[in-house]
Amino acid sequence: MSTFDNPFDPDRNLRAGCVCGQHQSAAEHEQATAMRCAPVESEEKRYEGVVASAVMRAMFPQDVARRAFLKSVGASTALAALSQFFPIQAATEVFAQAGAPEKKDLKVGFIPITCATPIIMAAPMGFYSKHGLNVEVVKTAGWAVIRDKTINKEYDAAHMLAPMPIAISLGLGANAIPFAVPAIENINGQGIVLATKHKDKRDPKDWKGLKFAIPFDYSMHNYLLRYYLAEHGLDPDTDVQLRSVPPPEMVANLRADNIDGFLAPDNICQRAIYDGVGFMHLLSKEIWDGHPCCSFAASREFITTAPNSFAALTRAIVDATAYASKAENRKQIAEAIAPANYINAPVTVLEQVLTGTYADGLGGVKTDAKRVDFDPFPWQSFAVWMLTQMKRWGQIKGDVDYKAVAEQVYLATDTKKLMTEMGLSPPASAYKSFAVMGKTFDPAKPEDYVASFKIRKAS
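Fair warning: this is a prediction, and the values are worked out from it, not measured in the lab. (Residues numbered from 1 in each chain as written. Predicted model: local features only at pLDDT ≥ 70, side-chain atom pairs only at ≥ 80, totals over all residues. Heavy atoms only, no water.)

Further remarks concern unusual backbone geometry. Positive phi, normally seen in glycine, also occurs at asparagine 188, with a value near 60°. Take asparagine 188: it is sitting in strand S5 (residues 187–188). With a phi close to 65°, aspartate 257 is a non-glycine residue in the positive phi region. Inspection of the secondary structure assignment puts aspartate 257 in the loop between helix H11 (247–255) and strand S9 (261–265). (Helix = DSSP H or I, 4+ residues; strand = E, 2+ residues; numbered from the N terminus.)

Strands sit in the order S2-S1-S3-S11-S4 across an open sheet of 5 strands; the sheet is mixed. What marks the edges here is a single partner per strand, and that holds for strand S2 (134–139) and strand S4 (179–184). On average, adjacent strands in this sheet sit at an angle of 30° to one another, irrespective of strand direction. Sheet topology note: the strand S1 (residues 105–110)/strand S3 (residues 157–161) ladder contains 2 bridges and is parallel. (Pairing = 2+ DSSP bridges. Axes fitted to C-alpha atoms, helices over the stretch in contact; angles between N-to-C directions.)

Moving on, we get to the packing of aromatic side chains. One pass over the full model with this rule turns up 14 aromatic pairs. Through successive ring pairs, a cluster of aromatic residues spans Tyr227, Trp288, Phe382, Trp385, Phe434, Phe441, Tyr449 and Phe453. Lying across the ring of tyrosine 227, arginine 392 places its NZ or CZ 5.5 Å from the centre. The ring of phenylalanine 453 has arginine 392 lying over it, and the distance from NZ or CZ to the ring centre is 3.8 Å. (Phe/Tyr/Trp six-rings, centres within 6.5 Å; stacked < 30°, edge-to-face > 60°. Lys NZ or Arg CZ within 6 Å of the ring centre and 35° of its normal.)

For arginine 371, the position within the fold is in the loop between strand S13 (365–367) and strand S14 (372–373). Judged by its relative accessible area of 1%, arginine 371 falls in the buried class. Beyond its immediate stretch of four places on either side in the chain, arginine 371 contacts Asn188, Gly189, Asp266, Gln270, Met280, Leu283, Lys285, Gln352, Val353, Gly356 and Tyr358. (Buried < 20%, exposed > 50% of the residue type's maximum accessible area, 1.4 Å probe, protein only. Contact = heavy atoms within 4.5 Å.)

Evaluation of the coordinates by the stated rule reveals 18 salt bridges. We note a salt bridge from aspartate 156 to lysine 103, for which the minimum N-O separation is 2.7 Å. In this pair, aspartate 156 is assigned in the loop between helix H8 (143–151) and S3 and lysine 103 in the loop between helix H5 (88–96) and S1, connecting sequence segments 53 residues apart. On the basis of relative accessibility, which here comes to 11%, the residue aspartate 156 falls in the buried class. One salt bridge connects arginine 271 with aspartate 275, and the closest N-O pair in it is separated by 3.2 Å. (Salt bridge = Lys/Arg side-chain N within 4 Å of Asp/Glu carboxyl O.)

Turning to helix H16 (residues 347–355), its buried residues number three or more, namely Val349, Leu350, Gln352, Val353 and Leu354. Residues of H16 that are buried sit in contact with helix H6 (117–121), helix H12 (266–274), helix H15 (330–337), strand S12 (357–359) and S14. Among the residues trailing H16, glycine 356 stands out with phi positive, at a value near 85°.

Quick look at the structure:
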């Protein structure tokens, strides 16, 4: 079931397989000419929809019964009928009167990459104001700066690489300060790009001695690139050079021959292709389809001192993520986030990232609707996997309480409650297994997973 399904649409299967949730498959989605997905007209209507949606889901948990009921009486009649048995209007008023934000004027830092799409678009497209906030999204130079400004309270919350709040909470690279992740910003959406001169080096075994850029030590980019290299027999600490380079500087470094390639956000990859200095070796989803990349994060201090502001921020981010998850909205979003104060990129580049139809730098045009996707749920199994890679590569020494750290930093329980209140469908569990390059990860056995790798740093 999609997080963003609408139970009041009688034609929608709650287990639909396309990106917008309205069609049985991506192919059917592409063929559709009319879409009914649209932002809610008003705050009052939004709350009414949330409450009515929750009631409908409770009464008709099965698709067959729900769809038969809606097709026989229609959505408006169904709503009127439900109102006879449940005080929808009264419940709507109570829900709308949730605690007012303690602080409405907020600053949220971001790095100008498409991974931050929900955080960025929420400003020009009105999602923050819709939830009663006046948010200034602040473009920031690099990840260390984002970290330091958030720790120093110059930012109330921030766009962070998914492993960063874990590292900050554990005191890796800085003093230990409790941080939390209520929402994942994006899944997939990265790629390995090589300089044009390396078109004949498609086999990673030929990459010995090459220099690669990653955005930050505590990043999915670092862990995915290391994983990919190691699976091809290369030790990332001895056979290649890995350098931390801020994403906005990567294309210039590739052009200047300072690096041979990078694993980076897709807008950086696509810009290198657009400028003719690199080509796409592979998408990160080819390493792990469905991997997280970036997150929305805040300090525990902010969460406890301004809980209503934090909740409103999270609702705005989840709301924007729901809008971004629909394929038919992607071109509009590309235009909204392209200006200089946001990503500062040609709309064409951003459309190629967000729509999944892109030039590969080798003379071809490829299409992958899931090149990047947006799902906010902070799976705690994601956090456990990141911790295994921190342990594997020597960033964490000694024993690790994987489950405790994951559940302290990734707020799956809180987000599940918030999403349910918003009429969305969060997963029943915060843990799931997945495969990375064909190797299954069981979050219940993290130490066995770490020990299974031949190439890793000695304990």
